[in-house]
Amino acid sequence: MKALRRLTVRAALPAALAPLGEIVANLRWSWHADSLDLLESIDPELWAECNGDPARLLGGVSTERLAALAKDRKFLRRLQDVSDDLRDYLEQPRWYQRQQELEAAKPANEASSLPSSVAYFSPEFGIAEVLPQYSGGLGILAGDHLKAASDLGAPIIGVGLLYRAGYFSQSLSREGWQQERYPSLDPQGLPLTPLRDVAGNLARVLLELPDQRALHAQIWLASVGRVPLLLLDSDVEENDAAARGVTDRLYGGGPEHRLLQELLLGVGGVRALRVYCSITGHPEPEVFHSNEGHAGFLGIERISELSSGPAKLSFAEALTAVRAGTVFTTHTPVPAGIDRFDRDLVAAHLGKVPGVPVAEVLALGAEDDPTKFNMAHMGLRLGQRANGVAQLHGRVSRSMFNNLWPGFDADEVPITSITNGVHAPTWMAREFLDLAEQAIGSEALATGGGWAAIDQVEDTELWSTKRELRARLVGEIRRRIRQSGVERGFSGVELAWTATAFDPDVLTIGFARRVPSYKRLTLMLRDPARLKRLLTDPDRPVQIVVAGKSHPADDGGKELIAQLVRFTDDPEVRGRIAFLPDYDIGMARYLYWGSDVWLNNPLRPLEACGTSGMKAALNGGLNLSIKDGWWDEWCEDGKNGWEIPSADDSLTGTTDDHRDAVEAAAMYDLIEHQVSQRFYSRDARGIPTQWIAMVRYTLKSLGPKVLATRMVQDYIRKLYAPAARSAAVLVADDFAAAKDLAAWKSWVAGAWKDVAVRHVESHVEGDPTLGGFLQLRAEVALSGLKSSDVQVQALYGPVDADNRLTSVQIVPLTMADERDHTGFFTGDVPLKKAGPFGYTVRVLPHNDLLANPAETGLVAAATQG
Ligand SMILES: *Cc1c(COP(=O)(O)O)cnc(C)c1O
């Protein structure tokens, strides 16, 4: 019989064990080895049964065992130790506090304003397997961002939704077709506490919906080390059935469902933050970081606060103030990854946010298709600062969104990039972390220094550690393929082969990721006979472990999984290639730890960054990958891995099919002639010294770069601190600067149509020769603007056959004279390169409060004639 409802009863801990409650209540245990050891020692068998979930462990452990532990002096000493360590971690100053001290010691005009609070919004967070609130890369990244912020002491607050079924768990039918299950989660059994006000009532937020309906949500609090994470949950009694279901699952349902989720995340998220700060006294965020378009409505709510609240700003003024403190990060160049809603649907729902004219909201999400509302476009228009997540992705994003800044070249589009990173303590195997910590020191490891010391670790030690981890992965593969076989309906006898599948001494390739088509799960099957030969090579065999979930609505992805599973069912190869169902944090770790090679073959440039290869690298895995995302930037072919040549640059007009063929052939060649050669060539001690040299170089070259602490430090320096400064300037004195800037922008925009470069004269002494100068004088129609409201620039460089400037350089021209609404600007252009050379002149609005000269989108360029 099925239960009507479920709840989780928590054990009452004996007083001596009270600190256990605190350790379990903070998710820091999930990446802290001593905490994990302590929890496991409570009841090792039960710990394994509960898949390492401390809440379930404490719910299930016997009272006798607890009573015994309460008297066990050795256990109590360890408990005290872990508890003290947690307290230190939470309370002692860390990197960020030291930066604040350094800044405070500087003269005011040189100090950067480190924010005292930053809100990080994301539709998913992958913190630990016990809190399955993620589907893939975006969620894992958000989780790593919070953990690294915590390690650094950076004052971030996470904001997201609590999905009652999370993402689905995956199993396979007999034929290899993906089956989805949505286990229902009971928040009481999760590492969450409900937020209550001082009177002890549950804190709530409320959103008005069309047709007199309302959406209520309660706020759950997860502690991610020092970082609070607020999760909104619509499954509360005040809601009607439809409203209760808003946070049912991640990325499920139709457009209206998605829109309601995003309204709750953005608008509700800001309201939840206000409640949290007022209850706890936590400083109000100065910077709001919107990840992907999904959370973008946070900007609308903040505009609403300023226009309908006591500040009484106009929409334009409020927008100006909000933009200054908003950072927008785009996480994908795949069009299907960008949310677009029908404008009417957005209009109906946003009409309920007070003080925000619907027409203005719609304009923020405008795109080419006049019936659509584009969340990424809104994100870019609401954030004064924006970035992609790897250098290549930054470039791709600048082209992709170039139409929002017409008149500018793609490389001037104000979208920078910060390359993603991964949280080392979460993703490194204990054994590898210990090796690295011994050589490098834990403090240096956390902040990125000292990786050269990995040279002190002996070859034999690196190699035996890797073998141990590979053997652990093999054990896990056997366990999982057997379990999956049982679920698919095979008998024990039919599954006997699984006990000896895979081999702890065979070159192991890992491939795990979501299954959208651009990631090309089945590229390896392009030439099945060739793959079979690689797997079954008698001297230099290869084994491949694959995992990944397809979006439930994507039958194409499910078909790819089925194809792969059919291939792995072949008795000739099944001992060397396996598909493991239910890819999640818990499983992925074994793959990162144990794989010798991490394979990634996306259609370049559709992988925004990719982080799984970084996790493999931190465990001494070598990447074998198309140069896309992060690998485009940090690949040193033959030194820290291998580049699978991508056909996209060399073959213009090629079909995807042709491209697959070329890239698959290159991949097989590399595995056969480079990767396995190197893995299997051994010295007298049986050690592959050249391989180990690459492992070492991987750790040294990539170790410091791939860390999430490096990423968070980059965000702080390049985006959060400048955003905090801009916001502080605009907010000061009752928003005086925001009002001025909004008025200025509107005035400049009105005048701009008559701003023009009327005439440009150039003069060279003698013939133009290398090392000489071109003297320019430009006559600019100012249309009532002051010369200080504009910047006049000369752009110059070599020109191609069409007179297009290539590798453009810019020099500002200075005002020489101003009369009759006309400015005369002069400057020298250096002739630095021989050959065809060109220049032009343009005018841009200028204001110290703009973060980027392209920001307003206004430009007037000199025209021929
Ligand atoms: C790292 C990770 C991802 C993201 O990996 P990509 O390389 O970006 O595809 C997704 N899911 C899990 C469980 C991960 O550990």
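Residues numbered from 1 in each chain as written. Predicted model: local features only at pLDDT ≥ 70, side-chain atom pairs only at ≥ 80, totals over all residues. Heavy atoms only, no water.

Core analysis: the biggest nonpolar cluster contains 166 residues, and Met524 and Trp691 have the highest contact counts within it. A per-element tally of this core places helix α28 (residues 708-751) first, with 10 residues. Look past the residues within four positions of tryptophan 691 in its chain and what remains in contact with it is Trp463, Leu507, Asp596, Val597, Leu622, Trp642, Val675, Arg678 and Phe679. With 92 residues, the next largest nonpolar core counts Val159, Leu265, Tyr276 and Ala311 among its residues. (Core = buried A, V, L, I, M, F, W, Y, C linked by side-chain atoms within 4.5 Å. Buried < 20%, exposed > 50% of the residue type's maximum accessible area, 1.4 Å probe, protein only. Helix = DSSP H or I, 4+ residues; strand = E, 2+ residues; numbered from the N terminus. Contact = heavy atoms within 4.5 Å.)

Turning to a negative patch on the surface, a few remarks are in order. A surface patch of like charges, here negative, comprises Asp34, Asp81, Asp84, Asp88 and Glu91. Sort the elements by how many residues they give to the negative patch and helix α6 (residues 73-91) lands first, with four residues. (Patch = residues over 30% accessible without salt bridge, like charges linked within 9 Å, V, L, I, M, F, W, Y side chains within 5 Å. Areas by Shrake-Rupley, 256 points an atom, 1.4 Å probe, with all protein chains shown as cover. Salt bridge = Lys/Arg side-chain N within 4 Å of Asp/Glu carboxyl O. Lys, Arg positive; Asp, Glu negative; His and termini not counted. Charge placed at Lys NZ, Arg CZ, Asp CG, Glu CD.)

Once that is clear, we can look at the sheet that holds strand β17 (residues 507-512). Taken in spatial order, the six strands make up an open sheet running β19-β18-β17-β20-β21-β22, and their pairing is parallel. This sheet does not close on itself; its edge strands, each paired only once, are β19 (577-580) and β22 (641-644). Looking at each pair of strands side by side, their axes are set apart by 20° on average, direction ignored. Summarising the sheet, β17 and strand β18 (residues 542-547) pair through six bridges and their orientation is parallel. For leucine 507, the partnering residue across the bridge sits in β18 and is valine 542. Of the strands in this sheet, β17, β18, β19 and β20 (597-600) are in contact with helix α23 (residues 585-594), which crosses β18 at around 155°. Sheet contacts for helix α26 (residues 656-680): β17, β18, β20, β21 (622-626) and β22; angle to β22, the most-contacted strand, approximately 165°. (Pairing = 2+ DSSP bridges. Axes fitted to C-alpha atoms, helices over the stretch in contact; angles between N-to-C directions.)

We now examine the sheet that holds strand β27 (residues 822-830). Pairing is antiparallel in the open sheet, where seven strands are placed in the order β23-β24-β27-β26-β25-β28-β29. This sheet does not close on itself; its edge strands, each paired only once, are β23 (756-763) and β29 (860-861). Two elements, strand β25 (residues 790-798) and strand β28 (residues 837-845), share nine bridges in a ladder whose sense is antiparallel. From the neighbouring strand, glutamine 793 faces β28, where its bridge partner is arginine 842.

So, about the domain arrangement of the chain. Domains assigned within the chain are domain 1 (15-92), domain 2 (96-417), domain 3 (451-701) and domain 4 (755-861). For domain 2 versus domain 3, the distance between C-alpha centres works out to 34 Å. Facing the 36 residues of domain 2 at the interface are 42 residues of domain 3. Contact between domain 2 and domain 3 buries roughly 2900 Å² in total, counting both sides, with carbon and sulfur atoms accounting for 58%. Summed over the three residues of domain 2 that lose the most area to domain 3, namely Gln170, Leu172 and Arg174, the buried surface amounts to 24% of that side. The tally of links from domain 2 across to domain 3 stands at three salt bridges. Aspartate 632 is paired through a salt bridge with arginine 395; the nearest N and O atoms lie 3.8 Å apart. Seen at the junction of domain 2 and domain 3, the total is 12 residue pairs in polar contact (both at pLDDT 80 or more). Counting residues per element, the ones that place at least two in the side of domain 2 that touches domain 3 are α8 (137-152), β5 (169-172), β6 (178-181) and α16 (391-400). (Domains from an automatic or database assignment. Buried area = accessible area lost by both parts, 1.4 Å probe. Polar contact = N/O pair within 3.5 Å; in protein donor to acceptor, adjacent residues only side chain to side chain.)

Another point: helix α27 (residues 689-702). Structurally, the α-helix is built with 3.6 residues per turn, so residues lying three or four positions apart point the same way. With 14 residues, α27 extends 19 Å from end C-alpha to end C-alpha; this agrees with the ideal 20 Å at 1.5 Å per step. What α27 keeps buried is the set Trp691, Ile692, Met694, Val695, Arg696, Thr698, Leu699, Ser701 and Leu702. (Expected span 1.5 Å × (residues − 1).)

The next subject is the pattern of salt bridges. Under the counting rule described, the total for this entry stands at 50 salt bridges. Across the pair arginine 526 and aspartate 657 runs a salt bridge whose closest N-O atoms are separated by 2.9 Å. Within this pair, whereas arginine 526 is found in the loop between β17 and α21 (528-536), its partner aspartate 657 is found in helix α26, the two being separated by 131 residues in sequence. Judged by its relative accessible area of 36%, arginine 526 falls in the partly exposed class. On the accessibility criterion, aspartate 657 (49% relative accessible area) is partly exposed.

The local shell around the ligand holds 15 residues, among which Lys519, Tyr583, Tyr592, Ser612 and Lys615 are the closest. Interatomic distance of 2.8 Å between a side-chain N/O atom of lysine 519 and an oxygen atom of the ligand. Note that a nitrogen atom of the ligand is positioned 3.2 Å from one of the side-chain N or O atoms of tyrosine 583. When isolated, the ligand has an accessible area of 390 Å², and the protein chains bury 96% of it. Contributing elements (two or more residues each) for the shell around the ligand: α8, α23 and α24 (612-618). The element contributing the most residues to the shell around the ligand is α23, with three residues. When grouped by side-chain class, the residues that make up the shell around the ligand number six nonpolar, five polar and four charged. There are two domains that each give the shell around the ligand at least three residues, and those are domain 2 (96-417) and domain 3 (451-701). (Near = heavy atom within 4 Å. Nonpolar A, V, L, I, M, F, W, Y, C, P; charged D, E, K, R; others polar.)

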